[in-house]
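# Coordinates in review
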Amino acid sequence: MVPPLFGVQHFSNRLVINRSWEQEFRAEKVLAATRVLLAAAWFVAALAAPCLAQEVHPIPLTVLPWNGHKAAVSLTFDDALPSHLDVAMPELQKRGLHATFFVVIAKLQRLDEWKKLPSEAQEIGNHSVSHARPAGMAPEQEGTEVEDATHFLQGNLGVRARTFAYPYSEITPGLKDWVSRFCFAARTGFTGNYYLAPDSTPDWYAIPGQLAKTQTPLSEYQGWVDKDVAAGTWTVFQIHGIGEARVGYEPIAPQTFTALLDYLKAKQAEGLWVASFGEVAGYWRAQKIFEGGKLVTQAQGAVMRWDVPPQFPNGIVLKVKAPAYLRLYQGGRQLAADNGVYSVALDAKALTLVLGESDGK
Ligand SMILES: [Zn+2]
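Quick caveat, the model's predicted, so the values are computed rather than measured.

Here we take up the overall build of the chain. When its secondary structure is counted, the chain shows 10 helices and 18 strands. When the 361 residues of the chain are sorted by exposure, 40% land in the buried category. Of the contacts formed within the chain by residues at least 6 apart in sequence, a portion of 70% connects residues at least 24 apart.

Below you can see the structure in the form of structure tokens.
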């Protein structure tokens, strides 16, 4: 049963906060630690001003970075090459790893096989229609390169591509503007830093990707992963051909590729998040949206609200740590905690905070 969140009854029982909230909480033995007491005092102070409805306060919640992992790595494959179907896909599937394939519509062959890609595991991203150099595109072409590829992928693969990779990693303002209308994140090449810290805010339409090259030894790729894990950051690999000297750009040896996957799999067991570009960018951008949400205290309680951009995928769930003196509700339903961590649905665009010990273990 859904408790009457905003009912007078409810609040007269739980949230009479002007006079006796401190004693009330002491009696409930919620405030054992000074830290919690201070945090609760802050929160109650925020709630204690119902006459100042719409006043904005900081939020006593913490989003766990990288979906609760130490660090994140994304593998991306550009240009829809045959080796992506023949080598990358089966090797990823074998290990249960998720990656992103940025396909070029003009180069997309063996469509039936691309259609069979399990979309819950592997992401299809947009890498333009023609792979023309962005600097040479006329303004109207910038639009069609993004839009027509989006429609093609939707119509032929049944995929709504929400991420983009710039051809030649070349960004122009016009192309970037079109990308931002259809996608929520885009990958380029070098931007000055390949290791993105969770507390920084990137340009969502210029996420860097480290280029895998034929001459690069496995140890160097392992070094990228190690550096990423040590720093607790996100790094993105940009891979083209795998053993394809004729059609693929900078093809890497198949044995180097599979050894890299084995390395990632081992690191995954130690807490690394190996996920598609869209999964990581989606979680991270969702975190920023949530952290930018507004906590509004009203006569009835505290509600946090945020907006979700239209290009965003559905179903993103954030791992949110909340203090023990709060109960969290979405859609009128109390959220269950797992060791103080809640699964908060971004799509709900709101989170209600109520004083009272959580039921979480
Ligand atoms: Zn390309």
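Back to the text.
The next thing to look at is the environment of Leu-85. Here Leu-85 is to be found in helix 4 (residues 82-95). Judged by local crowding, Leu-85 falls into the partly exposed class, with 17 C-beta atoms found within 10 Å. Between the C-alpha atom of Leu-85 and that of Arg-110, which follows or precedes it by 25 residues, the distance is 9.0 Å. Excluding residues within four positions of it along the chain, Leu-85 makes contact with Arg-110 and Glu-113.

Right, let's get into the environment of Asn-67. Secondary-structure assignment places Asn-67 in the loop between strand 2 (62-63) and strand 3 (71-78). What makes Asn-67 partly exposed here is the crowd of 19 C-beta atoms within 10 Å. For Asn-67, the residues in contact, after removing those within four places along its chain, are Trp-273, Tyr-283 and Lys-319.

On to the pairing of strand 17 (residues 341-345), then. Burial along strand 17 is one-sided: the residues Tyr-342 and Val-344 are buried and none of Val-341, Ser-343 and Ala-345 is. Relative to strand 17, strand 13 (residues 317-321) runs antiparallel, the two sharing 5 bridges. Residue pairing for strand 17: Val-317 is matched across the bridge by Ala-345. Hairpin connection, strand 16 (residues 337-338) to strand 17: the antiparallel pair is bridged by 2 residues, and Asn-339 has positive phi, about 55 degrees.

The subject of this paragraph is the packing of helix 8 (residues 218-231) against helix 9 (residues 254-269). Here helix 8 crosses helix 9 at 25 degrees, and the two axes come no closer than 10 Å. Taken as axis vectors, helix 8 and helix 9 run roughly parallel relative to one another. Of the two elements, helix 8 crosses helix 9, and the hand of that crossing is right-handed. Of the residues in helix 9, those touching helix 8 at Leu-218, Tyr-221, Gln-222, Val-225 and Val-229 are Thr-256, Ala-259, Leu-260, Tyr-263, Leu-264 and Lys-267.

Another aspect to go through is the packing of helix 4 against helix 9. At a minimum axis distance of 11 Å, the contact between helix 4 and helix 9 shows a crossing angle of 25 degrees. Between helix 4 and helix 9, the interaxial angle falls into the category roughly parallel. Every pair of crossing elements has a handedness; the one defined by helix 4 and helix 9 is right-handed. In contact with Val-87, Glu-91, Leu-92 and Arg-95 of helix 4, helix 9 contributes Pro-254, Phe-257, Thr-258, Leu-261 and Lys-265. Per-class residue counts for the contact of helix 4 with helix 9 are 5 nonpolar, 1 polar and 3 charged.

For the rest of this paragraph, the subject is helix 9. Its 16 residues give helix 9 an end-to-end C-alpha distance of 23 Å, which sits within 8% of 22 Å, the value for a rise of 1.5 Å per residue. Listing the buried residues of helix 9 in full gives Phe-257, Leu-260, Leu-264 and Lys-267. In a view along the axis of helix 9, the buried residues occupy a sector of 85 degrees, so they form one face of it. Residues of helix 9 that are exposed and point over 90 degrees away from its buried face: Gln-255, Ala-266 and Ala-269. At its buried positions, helix 9 is contacted by strand 3, helix 4, helix 8 and strand 10 (272-274). Positioned one or two residues after helix 9, Gly-271 has a phi angle of 110 degrees, which is positive.

Time to look at the sheet that holds strand 16. With respect to topology, 4 strands assemble into an open sheet ordered 2-13-17-16, the strand pairing being antiparallel. Since the sheet does not close on itself, it has two edges, and those belong to strand 2 and strand 16, each with one partner.

A few words on the confidence of the model for the chain. Per-chain confidence: the chain averages 85 in pLDDT, with 81% of residues scoring 70 or above. Taken together, the stretch residues 49-54 has pLDDT below 50 and engages in 9 contacts with residues farther than four places along the chain or on a different chain.

Note on soluble globular proteins: their nonpolar side chains tend to be buried together. Judged by nonpolar contacts, the single largest core of 83 residues is most densely connected at Ala-72, Val-179, Ala-186, Trp-273, Val-280 and Leu-318. When residues are assigned to domains, this core turns out to be shared by domain 1 (8-59 + 293-355) and domain 2 (69-282), each giving three or more.

Turning our attention to unusual backbone geometry. For Asn-339, which is not glycine, the phi dihedral falls at a positive 55 degrees. Position of Asn-339 among the secondary structure elements: in the loop between strand 16 and strand 17. Look at Asn-339 and you get exposed, because 7 C-beta atoms sit within 10 Å. Non-glycine residue Lys-349 carries a positive phi angle of around 60 degrees. You can call Lys-349 partly exposed: it has 15 C-beta atoms within 10 Å.

What counts and what doesn't
- Along each chain, residue indices are assigned from 1 in the same order as the chain's sequence is written.
- It should be noted that, the model being predicted, local features are given only for residues of pLDDT at least 70 and side-chain atom pairs only at 80 or more, the latter also being counted only at that level, while totals for whole chains, interfaces and linings use all residues.
- In this description a helix means any DSSP run of H or I spanning at least four residues, a strand means any run of E spanning at least two, and both kinds are numbered starting from the N terminus.
- Exposure in this text rests on C-beta crowding, where 20 or more other C-beta atoms within 10 Å of a residue's own make it buried, 12 or fewer make it exposed, and counts in between make it partly exposed. The C-beta atoms are placed from the backbone.
- By definition, residue pairs are in contact when their C-beta atoms, positioned from the backbone, come within 7 Å.
- Any two strands with at least two DSSP bridges between them are considered paired.
- Note on method: axes are straight lines fitted to C-alpha atoms, helices fitted across the in-contact stretch only, with angles between N-to-C directions ranging 0 to 180 degrees.
- Geometric relationships in this document are graded by angle, where less than 35 degrees denotes roughly parallel, more than 145 denotes roughly antiparallel, 65 to 115 denotes roughly perpendicular, and other angles denote oblique.
- Two helices crossing with the near one rotated counterclockwise from the far one by less than a right angle form a left-handed crossing, whereas a clockwise rotation gives a right-handed crossing.
- Under the scheme applied, nonpolar residues are Ala, Val, Leu, Ile, Met, Phe, Trp, Tyr, Cys and Pro; charged residues are Asp, Glu, Lys and Arg; polar residues are all the others, including Gly.
- The span one expects for a helix is its residue count, reduced by one, times 1.5 Å.
- The directions considered for the arc are those from the helix axis to the C-beta atoms.
- Every residue gets a pLDDT, meaning the predictor's confidence in that residue, from 0 to 100.
- Throughout this description, the term nonpolar core refers to a group of buried Ala, Val, Leu, Ile, Met, Phe, Trp, Tyr and Cys residues whose C-beta atoms join them within 7 Å.
- Segmentation of the chain into domains, including their bounds, is taken from an automatic or database domain assignment.

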